Amino acid sequence: MDTRPVGVFDSGLGGLTILKTLSQALPKEKLIYFGDTVNVPYGSKSKAAVTRFALDIARFLEKQKVKLIVVACNTASALALAELQKKISVPVIGVILPGAMKAAQCTRNGKVAVIATEATVQSKAYPRALKRLDKRIHTYQRACPVFVPLIEEGWIHKKAGEQIVADYLHGVQQSKADTVILGCTHYPVIKKKIAACLGKEVKLVDSAQVLAEEVKTRLAQTDQLNPSGRGSMKIYASDAPARFKRLAKNILGRELRRVYLKKLN
Ligand code: DGL
């Protein structure tokens, strides 16, 4: 038994989709979430910058004595996971491999599409992971940089949002992929919109469930679950915690009690 918390981080609000699934899968665990709102978006930044941000956050979480860190951000997982695993003293799990594994299981025609941030697309992390899992898989990628601000502000649900989703997904439809990876932790929020656009024959994959199972298995294997814990969530943001609290509702579907401001340097 291990009563230490699990650390979770993202560039901002998107990782709350992962946090929500983790808290359902591990209701007894203490969860600490860090949203790097001062540096968001990561999706348009360089590998060096994202790695620096991710290391600063992971070191902060290490100081909170976490037993494991979840990188609840595709961009940081794609660009910085290897460096984090080298430099951080507790296990660090990213979202790319769980998503790729699920997609490789789901595809019937071997055509998988990935929608993600520009940085995730450029890193080729998903096509590489998918090829390693099954070399017959062909991957089509599409960066959708406008989705993140539209989701955070709730504008995606307006008429203009629908048109933008349709335009971005046009290439995905052309690619004939039968499986689409939601390669950004914000995108599960608009899963229904994406599904309505692509049709029900296309399987949408997000990493949250597979990732939560992996975290649970890992903690169980090392006897690090907290079976008699009461379960809690502590949320930090590196800037504008009030805005974070307000917008978190668009993602979690409920009000957060408190968001703590934590500047890292
Ligand atoms: N949530 C991040 C991801 O999963 C994207 C947001 C950003 O660009 O910072 O990639």
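Our subject is the structure that appears above.
Rules of the game
Residues numbered from 1 in each chain as written. Predicted model: local features only at pLDDT ≥ 70, side-chain atom pairs only at ≥ 80, totals over all residues. Heavy atoms only, no water. 1 Å grid on protein atoms, 1.4 Å probe; cavity = no way out; pocket = protein on both sides within 12 Å on 5 of 7 lines; lining within 4 Å. Points joined across faces, edges and corners; volume = space filled by probe spheres on them. Helix = DSSP H or I, 4+ residues; strand = E, 2+ residues; numbered from the N terminus. Nonpolar A, V, L, I, M, F, W, Y, C, P; charged D, E, K, R; others polar. Phe/Tyr/Trp six-rings, centres within 6.5 Å; stacked < 30°, edge-to-face > 60°. Buried < 20%, exposed > 50% of the residue type's maximum accessible area, 1.4 Å probe, protein only. Lys NZ or Arg CZ within 6 Å of the ring centre and 35° of its normal. Expected span 1.5 Å × (residues − 1). Contact = heavy atoms within 4.5 Å. Patch = residues over 30% accessible without salt bridge, like charges linked within 9 Å, V, L, I, M, F, W, Y side chains within 5 Å. Areas by Shrake-Rupley, 256 points an atom, 1.4 Å probe, with all protein chains shown as cover. Salt bridge = Lys/Arg side-chain N within 4 Å of Asp/Glu carboxyl O. Lys, Arg positive; Asp, Glu negative; His and termini not counted. Charge placed at Lys NZ, Arg CZ, Asp CG, Glu CD. Near = heavy atom within 4 Å. Sits in = over half its atoms within 2 Å of the grid points. Pairing = 2+ DSSP bridges. Axes fitted to C-alpha atoms, helices over the stretch in contact; angles between N-to-C directions. Right-handed = clockwise from strand over helix to strand, strands pointing away.

A. Examining the layout of surface pockets more closely. Roughly 520 Å³ of volume is contained in the largest pocket. Lining the largest pocket are 24 residues, with Ser77, Ala78, Leu81, Ala82 and Ile96 sitting closest to its centre. At the level of elements, helix 2 (47-63), helix 3 (74-87), strand 4 (92-93), helix 4 (96-106), helix 6 (125-133) and helix 10 (208-221) are the ones that each hand at least two residues to the lining of the largest pocket. The greatest single-element share of the lining of the largest pocket, amounting to eight residues, is contributed by helix 3. Split by residue class, the lining of the largest pocket holds 13 nonpolar, five polar and six charged. Roughly 300 Å³ of internal volume is contained in the second largest pocket. Val40, Pro41, Tyr42, Gly43 and Val148 are, among the 22 residues lining the second largest pocket, the residues nearest its centre.

B. Region of the structure containing the packing of aromatic side chains. For the coordinates displayed, the defined rule picks out seven aromatic pairs. Measuring from ring centre to ring centre gives 6.2 Å for tyrosine 33 and phenylalanine 244, while their planes differ by 50°; the resulting arrangement is tilted. Note that tyrosine 33 is positioned in strand 2 (residues 30-35) and phenylalanine 244 in helix 11 (residues 241-252), a separation of 211 residues in sequence. Residue tyrosine 33 is classed as buried on the basis of its relative accessible area, which comes to 0%. Overall, the relative accessible area of 2% leaves phenylalanine 244 in the buried class. Between phenylalanine 147 and tyrosine 187 the ring centres are 5.3 Å apart and the planes differ by 75°, which places this aromatic pair in the edge-to-face class. Of this pair, phenylalanine 147 sits in helix 7 (residues 147-152) while tyrosine 187 sits in the loop between strand 7 (179-183) and helix 9 (191-198); the two residues are 40 residues apart in sequence, bridging distant segments of the chain. In this pair, the class of phenylalanine 147 matches that of tyrosine 187, namely buried. Against the face of tyrosine 260 rests lysine 234, its NZ or CZ located 4.6 Å from the ring centre.

C. Spotlight on helix 2. For helix 2, which comprises 17 residues, the first-to-last C-alpha distance of 24 Å matches the rise-based estimate of 24 Å (1.5 Å per residue) to within 8%. Of all the positions in helix 2, only Ala49, Val50, Thr51, Phe53, Ala54, Leu55, Ile57, Ala58, Phe60 and Leu61 are classed as buried. Packed against the buried residues of helix 2 are strand 1 (6-10), strand 2, strand 3 (68-71), helix 3 and strand 9 (232-237). Lysine 65 sits one or two residues past helix 2 and shows a positive phi near 60°.

D. Region of the structure containing a positive patch on the surface. On the surface, Lys47, Lys124, Arg128 and Arg132 cluster together into a patch of positive charge. If you trace the backbone, arginine 132 turns up in helix 6.

E. View of the site of the ligand. Near the ligand, the surroundings consist of 14 residues, among which Ser11, Tyr42, Asn74, Thr75 and Thr185 are the closest. Notes on the ligand: free accessible area 300 Å², of which the protein chains cover 99%. Among the detected pockets, the ligand sits in the second largest pocket. Looking at the shell around the ligand, its residues break down into six nonpolar, seven polar and one charged.

F. How the structure looks around the sheet that holds strand 3. Strand order in the open sheet formed by six strands is 4-3-1-2-9-10, and the pairing between neighbours is parallel. In this open sheet, the two strands that pair with only one neighbour each are strand 4 and strand 10 (259-261). Pairing of strand 1 with strand 3, which is carried by four bridges, proceeds in the parallel orientation. Paired with valine 6 across the strands is leucine 68, a residue of strand 3. Along the sheet, helix 1 (residues 16-25) contacts strand 1, strand 2, strand 3 and strand 9; its crossing angle with strand 2, the most-contacted strand, is approximately 180°. Against the sheet, helix 2 engages strand 1, strand 2, strand 3 and strand 9, with an angle of about 155° to strand 1.

G. Inspection of the pairing of strand 7 at higher detail. Of all five residues that make up strand 7, five are buried, and the element is covered over most of its length. Both faces of strand 7 are covered, namely the face carrying Thr179, Ile181 and Gly183 and the face carrying Val180 and Leu182. Taken together, the five bridges between strand 5 (residues 111-116) and strand 7 define a ladder with parallel strand orientation. When the sheet's bridge partners are listed, valine 112 is paired in strand 7 with threonine 179. Regarding the hand of the β-α-β motif, the stretch spanning strand 7, helix 9 and strand 8 (residues 203-205) is right-handed.

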